[in-house]
Structures are given as structure tokens and as C-alpha cells.
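Coordinate analysis (summary)
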Amino acid sequence: KQEVTQIPAALSVPEGENLVLNCSFTDSAIYNLQWFRQDPGKGLTSLLLIQSSQREQTSGRLNASLDKSSGRSTLYIAASQPGDSATYLCAVRRDQGGKLIFGQGTELSVKP
Amino acid sequence: DTGVSQDPRHKITKRGQNVTFRCDPISEHNRLYWYRQTLGQGPEFLTYFQNEAQLEKSRLLSNRFSAERPKGSFSTLEIQRTEQGDSAMYLCASSTNNQPQHFGDGTRLSIL
């Protein structure tokens, strides 16, 4: 059974810092991995999607890496801003079909 | 692109009552997913449809839960005889085949 874990559960940093969020999964047979952002009381916004054959994806100040063999992904946020404060979730998809299996999220707070 | 729409945004009901939620996916999306999210946790998969066919249901979906997607467009999720443990955010997502899932803002259910 696939399990996804995110560390840390919460993180508080001063504005301007670079930071790394971690995601690990127990079954390396994944189709892709996706990072989401969730603001309080809202749905999920997709940030980056990495196919199983890819090693990383970049969008602006965000960079996500994937090491399928070790069951790990990281989300790197450069030059953090207060507007980055949110919960960040990673999710893996087993096959083309299907459902996403989520970690419990990392709650990020960026202090001005 | 009007996004995934969910209605209502909030629902407060007494224990034992039935509730129904609606999800309108992005118009050209053939897949529709339901997830449940409790406070401090990542979303958990409930069920998904491809067009009007319900292809997978989670063990979380007890016999008090039923989902439909008539005509392969909007979907409804009904919970009968609600219990305290049903209090959660119910999220809907849609996609085309293996493309990223787009999420709505969810329906927050509170059981008194």
C-alpha cells in the first residue's frame, strides 16, 4: 500500500530565505508526482507535476525534484515571500487512471 | 475556463440528516474525482468517474455514501444518516485522461 509522508509538518522562516520541503513515498512504482498549494479554506492549486521519467521541474522560484528509486521528492522555494505562506501537499499517482495519494502537508509560514 | 465549481461551500446539519453535494467539472474533462480532507491531513480519495462510469471506490466510502455522475457531466455525492465523523472538507477534482487534476474549493460539512 502506497504511503506518502511529508517532513516537516510545519515550517516558519523569515522572508527571503531559500527553503526545502520534503516528500517521501513507499512504493517507487508511480506514474507521476505532483506538488500542490492550499490556502486556508480553499481547494488545491497545482504547482508542479513531475512524470516518473523526469528528474525535476521548474516554475519561477519553485523547483521540484524526483528520485523515484529512493522514493523521494523535494520542493525548493527560492527567495521566500510572505505570499508563499500556505500548506504545501505532495501527491503521487499510481497509474494513468487514477487517484492521487497525498501526504499530510507542510504548513509554511513566511514572516515579513 | 471557469474551473471546477462546488456547491454549497458550507453545509451545517444535524447528525442523522442526509446531505447532498454537487460538483460541476471543467466542461471538457471526462474524469471526475471526489476526495475528503480532515483538518491537518491531506485529501483522501473517495471515488472517481470516467464519463458516467464509476471506476473506483475507496473502502472509506461506506454504504451511507453514494456518488453519481449522470450523463457524464456534473456529479453529486450524497451522505445518508450523517455522523460526527463525516465532518470534513469534500473536494472535487476533474481532468482529461492522464492530465493534472484541477480542484474545486470544496464543500465544508459540519455535523452538529
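Please refer to the structure placed before this passage.
As the structure is a prediction and not an experimental result, all values here were calculated from the model. (Residues numbered from 1 in each chain as written. Chains lettered and ligands numbered in written order. Predicted model: local features only at pLDDT ≥ 70, side-chain atom pairs only at ≥ 80, totals over all residues. Heavy atoms only, no water.)

1. Considering the packing of aromatic side chains
This model, assessed by the stated rule, comprises 10 aromatic pairs over all chains. Summarising the aromatic geometry, the rings of B:Y33 and B:Y35 are spaced 6.4 Å apart at their centres and angled 25° between planes, so their arrangement reads as stacked. Each member of the pair, B:Y33 together with B:Y35, is buried. Taken together, A:F36, A:F102, B:Y33, B:Y35, B:F45, B:Y48 and B:F103 form an aromatic cluster joined through their ring pairs. One Lys or Arg, B:R22, reaches over the ring of B:F74 and ends 3.9 Å from the middle of that ring. (Phe/Tyr/Trp six-rings, centres within 6.5 Å; stacked < 30°, edge-to-face > 60°. Buried < 20%, exposed > 50% of the residue type's maximum accessible area, 1.4 Å probe, protein only. Lys NZ or Arg CZ within 6 Å of the ring centre and 35° of its normal.)

2. Details of the sheet that holds strand 7 (residues 62-67) of chain A
Residue and element names in this part refer to chain A. Strand order in this open sheet of five strands is 1-3-8-7-6, and the pairing throughout is antiparallel. The open sheet is flanked by strand 1 (4-7) and strand 6 (56-59), the only strands paired with a single partner. Between one strand axis and the next, the sheet turns through 15° on average, direction left out of account. Inspection of the sheet shows strand 7 paired to strand 8 (residues 72-77) by six bridges, in the antiparallel sense. (Pairing = 2+ DSSP bridges. Helix = DSSP H or I, 4+ residues; strand = E, 2+ residues; numbered from the N terminus. Axes fitted to C-alpha atoms, helices over the stretch in contact; angles between N-to-C directions.)

3. What about the sheet that holds strand 3 (residues 19-24) of chain B?
All names here are of chain B. Taken in spatial order, the four strands line up as 1-3-8-7 in an open sheet, and their pairing is antiparallel. Strands with a single pairing partner mark the edges of an open sheet, and in this sheet they are strand 1 (5-7) and strand 7 (65-68). Adjacent strand axes in the sheet meet at a mean angle of 15°, parallel and antiparallel pairs treated alike. Looking at chain direction, strand 3 and strand 8 (residues 75-79) are connected through five bridges and run antiparallel. Within the sheet, the bridge partner assigned to F21 lies in strand 8 and is L77.

4. Thoughts on the interface of chain B and chain A
The interface is formed by 22 residues belonging to chain B together with 20 residues belonging to chain A. Summed over both partners, the interface of chain B with chain A comes to about 1600 Å²; 47% of that surface belongs to carbon and sulfur atoms. Joining chain B to chain A, the criterion identifies one salt bridge. Between A:K99 and B:E56 there is a salt bridge, with its nearest N and O atoms 3.1 Å apart. On the surface where chain B and chain A come into contact, there are six residue pairs in polar contact (both at pLDDT 80 or more). Contributions of two or more residues to the side of chain B that touches chain A are made by strand 4 (31-37), strand 5 (44-50) and strand 9 (88-95) of chain B. (Contact = heavy atoms within 4.5 Å. Buried area = accessible area lost by both parts, 1.4 Å probe. Salt bridge = Lys/Arg side-chain N within 4 Å of Asp/Glu carboxyl O. Polar contact = N/O pair within 3.5 Å; in protein donor to acceptor, adjacent residues only side chain to side chain.)

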